[in-house]
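Survey of secondary and tertiary structure
The lines below spell out each chain.
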Amino acid sequence: MDSHAGWFGMVVRLSTARGEQKSSRSIVGIVSGNFGRFCLTESSLPAVFYGECRYAFRLFISLQDSLMKAQLVELLTLISSGCLAEEEIQQIADEASQAYADPAAFLAANADINYDDSFPIPLGEWVVVGSLPEIVLFMGDSYEELFGEIRTSFDPSVNFVLQAKQLRKADPLTALNRIQTQLGALYPEKGGYVLVDFSEPLDTELQCVLVYRNDLERFMALCVEIGIPAKPALQAAQEADQD
């Protein structure tokens, strides 16, 4: 049984405990199905039980949306490193959770959005990525350009030894080693920064965020739970070099 069915089964059991005894065979049939293809019809269930299940289903969807938004808020907080106000984080998380929950409804309510099924990432992920400012999401077609964007995002008082132009002739693995060494030396009280490949680049070759090393494990877990691809950039390059 998948996690969605498990959650829905729990809600059904809570709901049916309020009313009359229901058919256990009907409950098992509902919770053992694939949630993504779940279809509840009045003709397939007794009227009273159908009403209970609709209530449980709506409750489950509400719980799922709340969980998704909470995960997005935490994710955005970790990658913003204080560069986004709480109000901005809440707004992005709210819009992205709506887009994840019901893409068609979100697009209908936001007709100016330039998104269609040809995009290689889900609408919710597209909203997250598209809402991040340049000081949080770093993009470039070369590591020289990428690191230049990273340096620009920091206050001039932050000490950088590495210069972007020093990466011009470096191969990807060498460039990433140098970048990660520099970033890892910043804010040692938080373990330094880790450069992380984030989502799938749409307009450039490279697309990354910065995460404190102390937060990296939780950040990666959130990316898995939400469904956004992410991997430390140096690790990804090392694995690609071994293939």
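Reference entry: report on the structure contained in this document. (Residues numbered from 1 in each chain as written. Predicted model: local features only at pLDDT ≥ 70, side-chain atom pairs only at ≥ 80, totals over all residues. Heavy atoms only, no water.)

A few points about the overall build of the protein
When you go through the protein residue by residue, the secondary structure sums to 10 helices and four strands. The order of α-helices and β-strands along the protein, N terminus first, is α-α-α-α-α-α-β-α-α-β-β-α-β-α. The 243 residues of the protein split such that 38% are buried. Long-range contacts, defined here as pairs at least 24 residues apart, represent 57% of the contacts in the protein between residues at least 6 apart. Counting only carbon and sulfur atoms, one obtains 51% of the accessible surface of the protein, whose full area is about 13500 Å². (Helix = DSSP H or I, 4+ residues; strand = E, 2+ residues; numbered from the N terminus. Buried < 20%, exposed > 50% of the residue type's maximum accessible area, 1.4 Å probe, protein only. Contact = heavy atoms within 4.5 Å. Areas by Shrake-Rupley, 256 points an atom, 1.4 Å probe, with all protein chains shown as cover.)

Considering helix H7 (residues 143–153)
Listing the buried residues of H7 in full gives Tyr143, Leu146, Phe147 and Ile150. Projected onto a plane normal to the axis of H7, the buried residues spread over an arc of 90 degrees and lie on a single side. Looking at the buried residues of H7, the elements they touch are strand E1 (138–140), helix H8 (172–184), strand E2 (193–198) and strand E3 (206–212). (Arc of directions from axis to C-beta.)

Details of unusual backbone geometry
Residue Tyr187 is not a glycine yet carries a positive backbone phi of 50 degrees. Mapped onto the secondary structure, Tyr187 falls in the loop between H8 and E2. One non-glycine residue with positive phi stands out, namely Ser199, at about 60 degrees. Among the structural elements, Ser199 can be located in the loop between E2 and E3.

Quick look at the environment of Gln207
If you trace the backbone, Gln207 turns up in strand E3. When the C-alpha positions of Gln207 and Ala233 are compared, they lie 9.6 Å apart, and in sequence the two are 26 residues distant. For Gln207, the contacting residues outside a window of four places in its chain are Val129, Leu137, Phe138, Met139, Val196, Asp197, Phe198, Ser199, Glu200, Pro201 and Leu202.

Here's the deal with the nonpolar core
Grouped together as the largest cluster of nonpolar side chains are 35 residues, with contacts concentrated most on Leu75, Leu76, Ile79, Leu132, Phe198, Val209 and Phe219. Broken down by secondary-structure element, the contributors of at least two residues to this core are helix H3 (47–80), helix H4 (86–101), helix H6 (123–131), E2, E3 and helix H9 (216–226). The dominant element in this core, judged by the number of residues it contributes, is H3, at seven residues. The contact partners of Phe219, leaving out residues within four places of it in the chain, are Leu75, Leu78, Ile79, Val196, Phe198, Val209, Val211 and Ala230. If you look at the next biggest cluster of nonpolar residues, it comprises 25 residues, including Phe154, Ala164, Leu183 and Leu186. (Core = buried A, V, L, I, M, F, W, Y, C linked by side-chain atoms within 4.5 Å.)

What about H8?
Here H8 is 13 residues long and its end C-alpha atoms lie 18 Å apart, about the 18 Å a rise of 1.5 Å per residue gives. On its buried face, H8 is in contact with H7, E2, E3 and helix H10 (233–242). Regarding H8, its N-cap is Asp171, as a side-chain oxygen of that residue lies 3.2 Å from the backbone nitrogen of Leu173 further along. (Expected span 1.5 Å × (residues − 1). Polar contact = N/O pair within 3.5 Å; in protein donor to acceptor, adjacent residues only side chain to side chain.)

Description of the sheet that holds E2
Within the open sheet, the four strands sit side by side as E1-E3-E2-E4. Their pairing is antiparallel. Edge positions in the open sheet fall to E1 and strand E4 (230–232), since each of these has one partner strand only. Taking the axes of each pair of neighbouring strands and ignoring which way they run, one obtains an average angle of 35 degrees across the sheet. Of the strand pairs in this sheet, E1 and E3 are connected by three bridges, and their pairing is antiparallel. Bridge pairing links Met139 to Gln207 in E3. Where H7 meets the sheet, its contacts fall on E1, E2 and E3, and the angle it forms with E1 comes to roughly 150 degrees. (Pairing = 2+ DSSP bridges. Axes fitted to C-alpha atoms, helices over the stretch in contact; angles between N-to-C directions.)

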